[in-house]
Amino acid sequence: MVSVAFALALAACSSGGGDGDRFVLTTVSADISSNDASVSSTTSSSGVEDSGTEASEVEATPDPLVGELTITVVAVHPHDSDAFTQGLEVHDGRLLEGTGLYGESDRRLVEITSGAVQGLEALNSGLFGEGLTVVGDEVLQLTLKAGVYIRADAETLTETGRGLYDGEGWGLCFDGSRLVMSDGTPTLTFRDPETFEGTGTIEVTLNGEPLANLNELECVNGQVLANVWLTEFVVVIDPASGEVVATLDASSLRPDDAPFDNSRFALNGIAHDPTTGRFYLTGKRWPVVYEVELS
Ligand SMILES: [Ca+2]
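Model, not experiment: these values are computed from the prediction.

### Here's the deal with the overall build of the protein chain
Looking only at helices and strands, the protein chain has zero helices and 25 strands in total. Counting only residues that meet the buried cut, the protein chain has 43% of its 295 residues in that class. Across the protein chain, the fraction of contacts at a sequence separation of at least 24, relative to all contacts at a separation of at least 6, is 57%.

This is the structure:
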């Protein structure tokens, strides 16, 4: 066990001078088990296409998320409480989920309303699954320490190839043209989805200070949402500047037996459905997935 003084209590307070919100971060102590200290992510190809099929109906671009966000729970769906969620994304009306831990990692397609697992491919026991996302008809899935990413068919989940990268893999999302990847540091790396080569990086800051432990990601309408590992907060990042422009306190969603400050039950998993604008939020081994609206 490793004792880590970390985590956050993020509060947004208005800086009255008209120059926007300032987010205040305080530390809280948390005990974590280092071996499953992983986290990760996924994402959805949000922001890419309009759902409408009629040319006459043009969807307005959603407003960016800013400030202190409010959650409205629309529905609560079952979730496999054995799933050590590392990545979550909406894919063709289902949830694509990646799970972690050695010997327990997989990628799966889940019916949203029932939580039924409708397809599953396990990783070999030497790989600790992390974030995943869909690009076209392919899933890309990270691993924590092996430096290996897996390509798989998005319908069958069957592996179609592998590649290598440097460093750890935590979260992954696709913004419609590039991959965004987290690695446990404050740095997000942009990658070419075809080659997986890095095309740039940005340091994420909260009030001008680097913000580490960025975990599962979701690319949404030009912004990047990130779970912050071992906290009950999701941050919204401007990927051009790296600045946190909004925060979401998800503490109201925490199951009684799933403390945020425990790596085994950490809040982790953000999926956006561009057809409804809603989000799905869950955590590692949580018994439920929340369908929510953010404002
Ligand atoms: Ca995601």
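Next, the rest of the story.
### Let's talk about the sheet that holds strand E22 (residues 244-249)
What the five strands build is an open sheet, ordered E3-E22-E21-E20-E19; its pairing is mixed. Edge positions in the sheet fall to strand E3 (67-69) and strand E19 (214-220), since each has one partner strand and no second. Neighbour-to-neighbour, the strand axes of this sheet turn through a mean angle of 25°, independent of strand direction. Two strands pair when backbone bridges link them, and E19 and strand E20 (residues 223-228) are joined in this way by five bridges, in the antiparallel orientation. Across the sheet, Leu217 pairs through a bridge with Ala226, a residue of E20.

### Comments concerning the environment of Asp175
Relative to the elements of secondary structure, Asp175 occurs in the loop between strand E13 (172-174) and strand E14 (179-182). Along the backbone, Asp175 and Gly222 are 47 residues apart, and their C-alpha atoms lie at a distance of 6.9 Å.

### Section: the pairing of strand E21 (residues 233-237)
A large share of E21 lies buried, amounting to five of its five residues. Along E21, one buried face is formed by Phe233, Val235 and Ile237 and the opposite face, lined by Val234 and Val236, is buried too. Both E20 and E21 contribute to a ladder of four bridges, which runs antiparallel. When the sheet's bridge partners are listed, Ala226 is paired in E21 with Val235. The hairpin turn running from E20 into E21, its antiparallel successor, is four residues long, and Leu230 in that turn takes a positive phi close to 65°. Count of turn residues in the E21/E22 antiparallel hairpin: six residues, of which Gly242 carries a positive phi of about 85°.

### A short note on the confidence of the model for the protein chain
Confidence in the prediction for the protein chain averages 85 pLDDT; 80% of positions are at 70 or higher. With pLDDT under 50 throughout, residues 1-20 is counted as low confidence; its partners more than four residues away or in other chains account for 43 contacts. Low confidence marks residues 25-56, where pLDDT is under 50. Its contacts with residues over four positions away, or in another chain, come to 119 contacts.

### Regarding the sheet that holds strand E25 (residues 288-294)
Reading across from one edge, E4-E25-E24-E23 is the order of the four strands in this open sheet, with antiparallel pairing throughout. Pairing within the sheet leaves two strands with one partner each, and these edge strands are strand E4 (71-78) and strand E23 (267-272). The mean angle between the axes of side-by-side strands here comes to 25°, regardless of whether they run parallel or antiparallel. With four bridges joining them, E23 and strand E24 (residues 279-283) adopt antiparallel strand pairing. When the bridges of E24 are listed, Leu267 appears paired with Gly283.

### Brief notes about the pairing of strand E12 (residues 159-164)
Where strand E11 (residues 148-153) lies against E12, five bridges are found, and the strand directions are antiparallel. Residue pairing for E12: Arg151 is matched across the bridge by Gly161.

Calculation rules
- Residues numbered from 1 in each chain as written.
- Predicted model: local features only at pLDDT ≥ 70, side-chain atom pairs only at ≥ 80, totals over all residues.
- Helix = DSSP H or I, 4+ residues; strand = E, 2+ residues; numbered from the N terminus.
- Buried ≥ 20, exposed ≤ 12 C-beta atoms within 10 Å, placed from the backbone.
- Contact = placed C-beta atoms within 7 Å.
- Pairing = 2+ DSSP bridges.
- Axes fitted to C-alpha atoms, helices over the stretch in contact; angles between N-to-C directions.
- pLDDT = per-residue confidence, 0-100.

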